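Tertiary structure, described
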Amino acid sequence: MPLGRILVEEFQPDVLKWLRQKVELVVVNPWVEPERWELEASRVDAVISRKGKITREQMQKSAGRLKIIARTGVGVDPSRVDLDGAKEFKVWVTNQPGSNSVSVTELVFGQMIALVRHTFEANKAVKENRWSEYLKFIGTELAEKTLGIIGMGNIGTRVALRALAFEMDCLVYDPYIPESHVTALGGKWVGLDELLAESDVVTIHCPLTPDTNGMIDERRLVLMKASAYLINAARGGIVKEDVLWSALKQRQIAGAALDVVENEPPPKNHPLFQLGNVVLTPHIGALTFEASKRGEWGAAEEVIRVLEGKKPKNPVIEGA
Ligand code: NAD
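The structure contained in this document is the topic of the report that follows. (Residues numbered from 1 in each chain as written. Predicted model: local features only at pLDDT ≥ 70, side-chain atom pairs only at ≥ 80, totals over all residues. Heavy atoms only, no water.)

1. Looking at empty space enclosed by the protein
Filter applied, for reference: With a 1 Å grid spanning the protein atoms alone, the term cavity applies to any set of points in which a 1.4 Å probe fits but cannot get out, the term pocket to an open set with protein on both sides within 12 Å along at least five of seven lines, and the term lining residue to any residue with an atom within 4 Å of a point. Grid points are joined across faces, edges and corners, and a volume is the space filled by probe spheres set on the points.
Counted according to the given criterion, the structure contains 1 cavity of 30 Å³ or more. Taken as a whole, the largest cavity encloses approximately 30 Å³ of empty space. Along the walls of the largest cavity sit N232, G236, V239, E241, L244, L258 and V260, which together make up its complete lining.

The structure is reproduced here in structure tokens:
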């Protein structure tokens, strides 16, 4: 007798095989079949979500059947789960803290190098037989430059550690951690405006919350140096996209690398696609074999715990 019916995404085969021995599985890619995801979410006992969103309406429609929404990743903002709805309908919400922080950190350094060394444009030039244009791609060293880290949690801390190896100075803005956590890693704990004004590269690693929604707005982007780069591998809503577009277009800042946008997937012909000084990736910060394995196994085990009547290990919202 299966423990319940679970909605999952296209996870790794060993995770799906393990789950199939215990539950009835409905496998849906929410970005390929959004209508089916929406329909099935209210007909199951549990959801394991990587990209799929669960709304208050779906929880209401489920009429008490849905017991747990287990995130394979870290973020539990409205782009993934309606937390107020989960509280109201007493649905457990769990996440996997730290499961993907190495993967995101490594992508951030890849993006940083792509920005300062223009590797994407250089690659394009070679393939278009423009090898001799190499002088266009003169870059900037990261050593002795200042890296501004917004949010010093699991990812921000790993970014700061690796910045030491790159011989960079670090400024950190995170009002919720002790200053000693920053100074222990050789960084300086500063206010957000100072960080933006002083950094050569700014990287965002805080969650999307009512406080951080639109935090990088017009006034704050103006504070940045014209030679500075902005990296966002956290959540799209933290940076005001229209304002960023103007800043990049007018070369008010040198460039940006975005792993996330406000609405995912972005519409065709998104204005940012026109710009040469922005590097875009489709929210792949956590997409490595190692992080997927940790996150998917962790979330699968949470679901089984709850369906067996036990408490989950990483509750963000307490269910019934
Ligand atoms: P974490 O919870 O370990 O750290 C978040 C840090 O942000 C904490 O130290 C917290 O104090 C700080 N913070 C909270 N509010 C802040 C504010 N207003 N200003 C500055 N700092 C603030 O989370 P993490 O694992 O480091 O992940 C950070 C975020 O990255 C997640 O919330 C998620 O949205 C995003 N993320 C994206 C990907 C991806 O694939 N691109 C993968 C994992 C996480």
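2. Description of helix 12 (residues 289–307)
The condition that has to hold: In DSSP terms, a helix is any run of H or I states spanning at least four residues, a strand is any run of E spanning at least two, and both are numbered starting from the N terminus. Here the expected length of a helix is defined as 1.5 Å per residue gap, with one fewer gap than residues.
Look at helix 12: 27 Å from first C-alpha to last across 19 residues, which is about the 27 Å you get at 1.5 Å a residue. Downstream of helix 12 by one or two residues, G309 has phi in the positive range, about 85°.

3. Points about the state of the cysteines
Threshold: Disulfides are defined in this document as cysteine sulfur pairs within 2.5 Å.
Under the counting rule described, the total for this entry stands at 0 disulfides. Considering cysteine sulfurs only, C206 is the nearest to C170, which forms no disulfide, with 16 Å between them.

4. Some remarks on the site of the ligand
Note the cut-off: Proximity is defined per residue: if any heavy atom of the residue lies within 4 Å of a molecule or strand, that residue is considered near it. Here a polar contact means two N or O atoms within 3.5 Å. Within protein one must be a hydrogen donor candidate and the other an acceptor candidate, and residues neighboring in sequence count only if both atoms are side-chain atoms. Computed with the Shrake-Rupley method and a 1.4 Å probe, the accessible areas treat only the protein chains shown as cover for residues.
Every one of the 24 residues lining the ligand counts as a neighbour, but N154, I155, D174, A233 and D259 are closest to it. D174 is positioned with one of its side-chain polar atoms (N or O) 2.7 Å from an oxygen atom of the ligand. A distance of 2.9 Å is found between a nitrogen atom of the ligand and a side-chain nitrogen or oxygen belonging to D259. If the ligand stood free it would expose 860 Å²; the protein chains cover 88% of that surface.

5. Quick notes on the pattern of salt bridges
Close approach of charged atoms allows side chains of opposite charge to pair. Filter applied, for reference: The salt bridge definition used is simple: a Lys or Arg side-chain nitrogen within 4 Å of an Asp or Glu carboxyl oxygen. Only protein chains enter the accessibility calculation, which uses a 1.4 Å probe; a residue whose area is less than 20% of its type maximum is buried, one above 50% is exposed, and one in between is partly exposed.
Under the counting rule described, the total for this entry stands at 24 salt bridges. A salt bridge links E40 to R5, with the shortest nitrogen-to-oxygen separation between them at 3.0 Å. Note that E40 is positioned in helix 2 (residues 34–41) and R5 in strand 1 (residues 5–8), a separation of 35 residues in sequence. We classify E40 as buried; its relative accessible area is 8%. Here R5 falls in the buried class, since its relative accessible area comes to 18%. The shortest N-O distance in the salt bridge between K293 and D14 comes to 3.6 Å. Of this pair, K293 sits in helix 12 while D14 sits in helix 1 (residues 13–20), and the two are 279 residues apart along the sequence.

6. Considerations on the pairing of strand 4 (residues 68–71)
Stated formally: Each pair of strands is called paired provided DSSP finds at least two bridges between the two strands. When the strands point away from the viewer and the connection leading from the first strand across the helix to the second strand turns clockwise, the crossover is called right-handed.
Residues I68 and A70 of strand 4 are buried on one face, and the alternating residues I69 and R71, pointing to the opposite face, are buried as well. Sheet topology places strand 3 (residues 46–49) next to strand 4; 4 bridges connect them, and they run parallel. Note on strand 4: the bridge partner recorded for A46 is I68. Handedness of the crossover is the feature at issue here: the chain leaves strand 3, passes through helix 3 (residues 56–62), returns alongside strand 4, and the resulting connection is right-handed. The sheet contact formed by strand 4 and strand 5 (residues 92–94) spans 3 bridges and is parallel. Counterpart to A70 in the pairing with strand 5 is T94.

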